[in-house]
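Topology and contacts: notes
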Amino acid sequence: MANGAGLTMATMDLVKEFGHEPADFLDVGGGASEDSVKEGLKMLLTDDRIKAVLVNIFGGITRCDEVAKGVVSALNEVKTNKPIFIRLKGTNEEEGKKILAEVGLKTYETAEEAMEALSKAITR
């Protein structure tokens, strides 16, 4: 999951570079709301083909705190054991990271760091 088609395609390329196959293309778009992030993540978490979720957000118009609220809302509605790896950069980044930390979700400074952690988690 990423915001904007270009970043989403680059994120899918990153998944391939780490030797995995992307299971879905989910672009929450510029200016994504809490609700659009929540609904998108719920789709990913309930898809049996997906082993883990990589969230790659570079917020300009998209606010990182809105993304974080959407992630938390989705997790409140869908119980899952799927690991989620999140990179947040940009508008309201610190607030978004704080929201995620409060529910025990780690964030990563770069998409590569998040993907490296994801890769280790699913190849154990």
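Residues numbered from 1 in each chain as written. Predicted model: local features only at pLDDT ≥ 70, side-chain atom pairs only at ≥ 80, totals over all residues. Heavy atoms only, no water.

1. Side note on helix α2 (residues 34–45)
Applicable threshold: Each helix is a run of H or I in the DSSP string that is no shorter than four residues. Each strand is a run of E no shorter than two, and both are numbered from the N terminus. Expected helix span is taken as 1.5 Å per residue step, with the number of steps being one fewer than the number of residues. The cut-offs for exposure are 20% and 50% of the maximum accessible area for each residue type, with area from a 1.4 Å probe on protein chains only; residues under the lower value are buried, those over the upper are exposed, and the others partly exposed. For this analysis, residues touch if any pair of their heavy atoms sits within 4.5 Å.
The end-to-end C-alpha distance of α2 is 16 Å, a good match for the 16 Å that 12 residues give at a rise of 1.5 Å each. What α2 keeps buried is the set V37, K38, G40, L41, K42, L44 and L45. The elements touched by buried residues of α2 are β1 (53–59), α3 (64–77) and β2 (84–90).

2. Observations concerning the nonpolar core
The following threshold applies: Here, nonpolar core refers to any group of buried Ala, Val, Leu, Ile, Met, Phe, Trp, Tyr and Cys residues whose side-chain atoms link them within 4.5 Å.
Membership of the largest hydrophobic core comes to 25 residues, with the highest contact counts inside it found for M1, L41, V53, V55, V71, I86 and L100. Broken down by secondary-structure element, the contributors of at least two residues to this core are α2, β1, α3, β2 and α4 (93–102). With six residues, the top contributor of residues to this core is α3. Within the second largest apolar cluster, 11 residues are counted, among which are L14, F85, A111 and A114.

3. Section: a negative patch on the surface
Just so we agree on the cut-off: Each patch is built from residues lacking any salt bridge and having more than 30% relative accessible area; the joining distance is 9 Å for like charges and 5 Å for nonpolar side chains (Val, Leu, Ile, Met, Phe, Trp, Tyr). Residue-level accessible areas treat just the shown protein chains as cover; the underlying method is Shrake-Rupley with a 1.4 Å probe. Salt bridges are defined as contacts in which a side-chain nitrogen from Lys or Arg sits within 4 Å of a carboxyl oxygen from Asp or Glu. Within this scheme the basic residues Lys and Arg register as positive and the acidic residues Asp and Glu register as negative, but His and the chain ends are omitted. One atom stands in for each charge, and that atom is NZ of Lys, CZ of Arg, CG of Asp or CD of Glu.
Taken together, the side chains of D13, E17, E112 and E113 define an acidic patch exposed on the protein surface. Sorting the residues of the negative patch by element identifies α1 (5–17) and α5 (111–122) as the ones contributing at least two each. Mapped onto the secondary structure, E112 falls in helix α5.

4. Topic: the packing of aromatic side chains
Ring pairs (aromatic) are described by centroid distance and by the angle formed between their planes. For the record, the criterion: Paired rings are identified among Phe, Tyr and Trp, the last through its six-membered ring, by centres lying within 6.5 Å, and are further divided according to the angle between planes into stacked (under 30 degrees), edge-to-face (over 60) and tilted (the rest).
Considering all chains together, one arrives at one aromatic pair under this definition. Considering the side-chain rings of F85 and Y108, the 6.2 Å spacing of their centres and the 40 degrees angle between planes classify their relative orientation as tilted. With F85 in strand β2 and Y108 in strand β3 (residues 107–108), this pair connects stretches of sequence that are 23 residues apart. Note on accessibility: F85 and Y108 belong to one class, buried.

5. Quick word on the layout of surface pockets
Keep this limit in mind: Definitions used throughout: a 1 Å grid over protein atoms alone; a cavity as a set of points that fits a 1.4 Å probe which cannot get out; a pocket as an open set with protein on both sides within 12 Å along at least five of seven lines; a lining residue as one with an atom within 4 Å of a point. Grid points are joined across faces, edges and corners, and a volume is the space filled by probe spheres set on the points.
As a volume, the largest pocket reaches approximately 420 Å³. What lines the largest pocket is a set of 22 residues, among which V15, E21, P22, A23 and A52 lie closest to the centre. When residues of the lining of the largest pocket are traced back to their parent elements, those giving at least two are α1, β1 and α5. Top contributing element to the lining of the largest pocket by residue count: α1, with four residues.

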